[in-house]
Each structure stands twice: as structure tokens, then as C-alpha cells.
Amino acid sequence: QEEKEKFEKTIIDILTKRSNVQRQQICITYKKLYHKDLLEELKNCLNGDFQDAVEALVTDPVLFDVQLLHRALYELLTIDGELLAEIICSRTNVQLMAIQEKYAEVYGNPKDVADNGQPLSLFKAISKVFMESKLMSDRENAVEFVRRVLVDAVS
């Protein structure tokens, strides 16, 4: 137990005292030196919330947002509008465009009907939200707009 706590403290010390760019560089260097993915190696040693936190720290921020969006749209039993609103309303236009590009790269473009049966209109709604919510200066109105568009898309 003491050894595990020491290991976790070391991970915390290394990851939290570096910027995201530096953490990405650590992952790249590890892969070059050991021919293994650092995140996968850490996942084998960690579990629970601590594993989730470490994964969030070492994942590219745009990819992390893409994974969260995909999960909120397709992997949860119900659409997580709060998570979608949080991501969409807290990112800049440049960040949102990067998210859209990365989403298409990682998951491809949505089919007429998604794997979970949600119509394409839901994905179109997300694209609409990406653009129009950024025009709103008031965050509360933007979050409400996101919720309204999502509800319209799935009803």
C-alpha cells in the first residue's frame, strides 16, 4: 500500500508540475525510448478516478474534448446536455473548429443514423450549436440555447 501511494504521488508530482505541452512531450519521448504508449502503461497500474484524472492530464486537449463529446452523444444512456453545453460554451471558435476537425478524424462523419439510433439531425444540431452559441455573449443564454437545440434534435 505504501509503495502504491508513493507511485501515485510521483505521478501527481510529475504531471501536475508541467504544462499540457510538456506532458504531451513526455508521452512522445516515452514512446520513442520504450516503444510503448505511456498512457496504456499507466492504465495498467491505475484504476478508478485516479486513472481517469491521469488520462485527462496526458491526453491532447482537443482529443479529450472530442472523446467527451462522443461519449456525451453516443455512449451514455441519455444525451448529456450539460456536458455538451460545458464543452461547447467554454471553447473559443478556433478550439471548436479544431474539435470538429479532430472529431471527423477520429470518429468519421456521422451516418444518416448513428449507431445508437439517434438521427443525423442531432449531429447537425451540434454543428449549429458550435457556431451559433459562440455568437452569444451571455453564457446562461448560450447554455440554454444548447439545451433547446439538443431537445429539438432528438424529439
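Our structure's up above, just so we're on the same page.
Here's what I pulled together on the structure shown here.

### Digging into the overall build of the protein
Alright, step 1. Along the protein, the regular secondary structure elements total 9 helices and 0 strands.
Alright, step 2. Starting at the N terminus and walking to the C terminus, you meet the elements of the protein as α-α-α-α-α-α-α-α-α.
Alright, step 3. For the protein, the residues scored as buried account for 31% of the 155 residues in total.
Alright, step 4. The long-range fraction of contacts in the protein, counting pairs at least 24 apart against all pairs at least 6 apart in sequence, stands at 65%.

### Looking at the packing of helix H3 (residues 38–45) against helix H4 (residues 48–58)
Alright, step 1. Running from N to C, H3 and H4 cross one another at 170 degrees; their axes reach a closest spacing of 10 Å. With respect to their mutual orientation, H3 and H4 come out roughly antiparallel. Here H3 contributes Leu39, Leu42 and Lys43 to the contact with H4, which in turn contributes Gln51, Val54, Glu55 and Val58.
Alright, step 2. When grouped by side-chain class, the residues that make up the contact of H3 with H4 number 4 nonpolar, 1 polar and 2 charged.

### With respect to the pattern of salt bridges
Alright, step 1. Going through the model one piece at a time under the given rule, you end up with 6 salt bridges.
Alright, step 2. In this structure, arginine 91 engages aspartate 65 in a salt bridge whose closest nitrogen and oxygen atoms are separated by 2.7 Å. Taken as a pair, arginine 91 in the loop between helix H6 (81–89) and helix H7 (93–107) and aspartate 65 in helix H5 (residues 61–75) lie far apart in primary sequence, 26 residues in all. Grouping residues by exposure puts arginine 91 and aspartate 65 together as buried.
Alright, step 3. In the salt-bridge network here, residues are joined through shared partners; they are Glu40, Lys43 and Glu55.

Conventions we followed
- Residues numbered from 1 in each chain as written.
- Predicted model: local features only at pLDDT ≥ 70, side-chain atom pairs only at ≥ 80, totals over all residues.
- Heavy atoms only, no water.
- Helix = DSSP H or I, 4+ residues; strand = E, 2+ residues; numbered from the N terminus.
- Buried < 20%, exposed > 50% of the residue type's maximum accessible area, 1.4 Å probe, protein only.
- Contact = heavy atoms within 4.5 Å.
- Axes fitted to C-alpha atoms, helices over the stretch in contact; angles between N-to-C directions.
- Parallel < 35°, antiparallel > 145°, perpendicular 65-115°, else oblique.
- Nonpolar A, V, L, I, M, F, W, Y, C, P; charged D, E, K, R; others polar.
- Salt bridge = Lys/Arg side-chain N within 4 Å of Asp/Glu carboxyl O.

Nothing here speaks to function; it is all geometry.
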